[in-house]
Amino acid sequence: MPTILGQNQYGKAENRVVKITRDGDTHHIKDLNVSVALSGDMDDVHYSGSNANVLPTDTTKNTVFAFAKEHGIESAEQFGIHLARHFVSSQEPIHRARIRIEEYSWERIATSDGNSRFIGADEVRHSFARKGMETRVSQITYDGDNWEVISGLKDLTVMNSTNSEFWGYIKDKYTTLKEAYDRILATDVSARWRYNWTSDEQRMPNWEKSYEQARKHMLQAFAETYSLSLQQTLYQMGSRIINSRSEIDEIRFSLPNNHHFLVDLEPFGLKNDNEVYFAADRPYGLIEATVLRDGVEPKIPVDMTNL
């Protein structure tokens, strides 16, 4: 029985584009996941393999990043309109363009009232936390006499759009990474902290207040640390909590380094002045460490998978 071609479309899915708008020291983020689907006169490529009417999906990807620079991202809707109009009007074989966009919202991290150790709080306008992603976690263990309470959070996505560097590292024949003196620092915070409350004889902490304050100090340290490595930032986050909350003796972090790579726009005659980034989800560096109050023995498992 003969066959015929039915509905078809093609394109590049899930282009992760991050656009940083720098208004002096104040930065603004637009973080999109853009999927392009094109359809039109595509019979020949299916029947004979002729690519004469095919705009490469790699070109659609490049267009997404180039348009982020040329047009900016006023809104997801307006950005999608620019793209759809371009593909249909510039390519005769393409009759229909569907642009699907997911936008990830960020909120600015509120920093300390006074000056921080590294940067005056009034200067920090480049630190953000992803909205609506965080999960609070806790593990309570009791043996009839003693309590162990480990609390924390996971999936708290944070970003500094500047004030982060990475250079001076070991280089061997397999090293291709270029040194960075102004980069995006982003991570998904997974943290567990252990309380020193172990007995009913002790005064019980105010759990709600303790969590809120630990989270606050963690975020402030992230925002206010001029980072030369994610390890340095991790230690400052843990130290800020230990030094600020007497009820917490130990904290362990697992921090993936969510890489953001500058997109090369030179082939399109555009200069990328730390504005348009590709947000890579894997592979990623994974930085893990425990921060302790001096004299305290660590008890939080190194592998926090089951916590």
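This text goes with the structure placed above it.
Here's what I pulled together on the structure shown here.

Reading the values: rules and limits
- Residues numbered from 1 in each chain as written.
- Predicted model: local features only at pLDDT ≥ 70, side-chain atom pairs only at ≥ 80, totals over all residues.
- Heavy atoms only, no water.
- Salt bridge = Lys/Arg side-chain N within 4 Å of Asp/Glu carboxyl O.
- Helix = DSSP H or I, 4+ residues; strand = E, 2+ residues; numbered from the N terminus.
- Buried < 20%, exposed > 50% of the residue type's maximum accessible area, 1.4 Å probe, protein only.
- Pairing = 2+ DSSP bridges.
- Axes fitted to C-alpha atoms, helices over the stretch in contact; angles between N-to-C directions.

A few words now on the pattern of salt bridges. Overall, the coordinates contain 15 salt bridges when judged by the stated rule. Among the ionic pairs, arginine 136 bridges to glutamate 208, the shortest N-O distance being 3.3 Å. On the criterion of sequence distance, the pair formed by arginine 136 in strand β6 (residues 135-142) and glutamate 208 in helix α4 (residues 207-224) is long-range, its members being 72 residues apart. In this structure arginine 136 comes out as partly exposed when scored by relative accessible area, which is 39%. With its nearest N and O atoms 2.9 Å apart, the salt bridge here joins aspartate 249 to arginine 293. Taken together, the residues span a long stretch of sequence, with aspartate 249 in strand β9 (residues 248-257) and arginine 293 in the segment after β12 (285-292) at a distance of 44 residues.

Before going further, it helps to examine the sheet that holds strand β2 (residues 26-40). The strand order β3-β2-β1-β11-β10 describes an open sheet built from 5 strands, whose pairing is antiparallel. Looking along the sheet, the strands with just one partner apiece sit at the ends: β3 (94-104) and β10 (260-262). Pairwise comparison of adjacent strand axes, ignoring direction, gives a mean angle of 35° for this sheet. As paired elements, strand β1 (residues 15-23) and β2 share 9 bridges and run antiparallel to each other.

Below, the discussion takes up unusual backbone geometry. A cis amide bond links arginine 282 to the next residue, proline 283, at an omega of -5°. Considering the arrangement of structural elements, one finds proline 283 in the loop between β11 (276-279) and β12. For glutamate 14, which is not glycine, the phi torsion reads 55° and is therefore positive. Take glutamate 14: it is sitting in the segment before β1. Of note in the backbone geometry, asparagine 163 takes a positive phi value of approximately 60° without being a glycine. We classify asparagine 163 as buried; its relative accessible area is 18%.

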